[in-house]
Amino acid sequence: MRRDADLASPREDAIRLLARRDYSRHELEGRLANKGHSAEAIGECLDALAEQGLQSDDRFAEAFLRSRLARGQGPLKVRADLGQRGLSREAIDTLLREAEAAGELDWFALAAETLGRRFAAPATTPKERARQERFLAGRGFSFDQVRYALETAWCEEE
């Protein structure tokens, strides 16, 4: 364990982390605990940062979703990754529902776009088709989204 007098406060460490990117509260708790700060000091620090608007799980989740969409990841993977970062199932559902309602999110179109970027043409053999299916499933797309992508990824846009 380290001596707090010799090192940075939890706030300083948290600000240093948040200067690079947004973190969920859960992630910050873990990182600050790894630096040797007490649970009580971490809790007080994170409460203060949230009150000041310097840390927000909502803002983190929105940025995280945008980054995962840009990578071509599907809903199953996005949900799992957000859950690992400490967001509740309700918060994740709300985030995705709001993004879909705003027209920012179409999982079927994203699956087709992702498949089209990765593969130049539709599969000509069952082995190639299975490879394309595994690719999308590994990215976190559902069976229906995979099927839609395989049917539409290389269609001419009119």
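So, here's what we can say about the structure. (Residues numbered from 1 in each chain as written. Predicted model: local features only at pLDDT ≥ 70, side-chain atom pairs only at ≥ 80, totals over all residues. Heavy atoms only, no water.)

Some details on the packing of helix α1 (residues 10-20) against helix α3 (residues 39-51)
Stage number 1. Interhelical geometry of α1 versus α3 gives an angle of 50° and a closest axis separation of 9 Å. With respect to each other, α1 and α3 are oriented oblique. Relative to α3, α1 is oriented so that their crossing is right-handed. Contacts between α1 and α3 involve Pro10, Arg11, Ala14, Ile15 and Leu18 on the former and, on the latter, Ala41, Cys45 and Leu49.
Stage number 2. Taken together, the residues of the contact of α1 with α3 break down into 7 nonpolar, no polar and 1 charged. (Axes fitted to C-alpha atoms, helices over the stretch in contact; angles between N-to-C directions. Helix = DSSP H or I, 4+ residues; strand = E, 2+ residues; numbered from the N terminus. Parallel < 35°, antiparallel > 145°, perpendicular 65-115°, else oblique. Left-handed = near helix turned anticlockwise from the far one by under 90°. Contact = heavy atoms within 4.5 Å. Nonpolar A, V, L, I, M, F, W, Y, C, P; charged D, E, K, R; others polar.)

Quick notes on helix α4 (residues 57-70)
Because each turn of an α-helix spans 3.6 residues, side chains separated by three or four positions in sequence point in the same direction.
Stage number 1. The terminal C-alpha atoms of α4, which comprises 14 residues, lie 20 Å apart, in line with the 20 Å expected from a rise of 1.5 Å per residue.
Stage number 2. Residues Phe60, Ala61, Phe64, Leu65, Arg68 and Leu69 constitute the buried set of α4. Down the axis of α4, the buried side of the element spans an arc of 160°, and every buried residue falls inside it. Exposed residues pointing more than 90 degrees away from the buried face of α4 are listed as Arg66 and Ala70.
Stage number 3. The secondary structure elements touched by the buried residues of α4 are α2 (25-34), α5 (75-84), α6 (89-101) and α7 (107-118).
Stage number 4. Measuring from the side-chain oxygen of the N-cap residue of α4 to the backbone nitrogen of Asp58 gives 3.3 Å; that N-cap residue is Ser56.
Stage number 5. Positive backbone phi, approximately 80°, marks Gly72, located one or two places after α4. (Expected span 1.5 Å × (residues − 1). Buried < 20%, exposed > 50% of the residue type's maximum accessible area, 1.4 Å probe, protein only. Arc of directions from axis to C-beta. Polar contact = N/O pair within 3.5 Å; in protein donor to acceptor, adjacent residues only side chain to side chain.)

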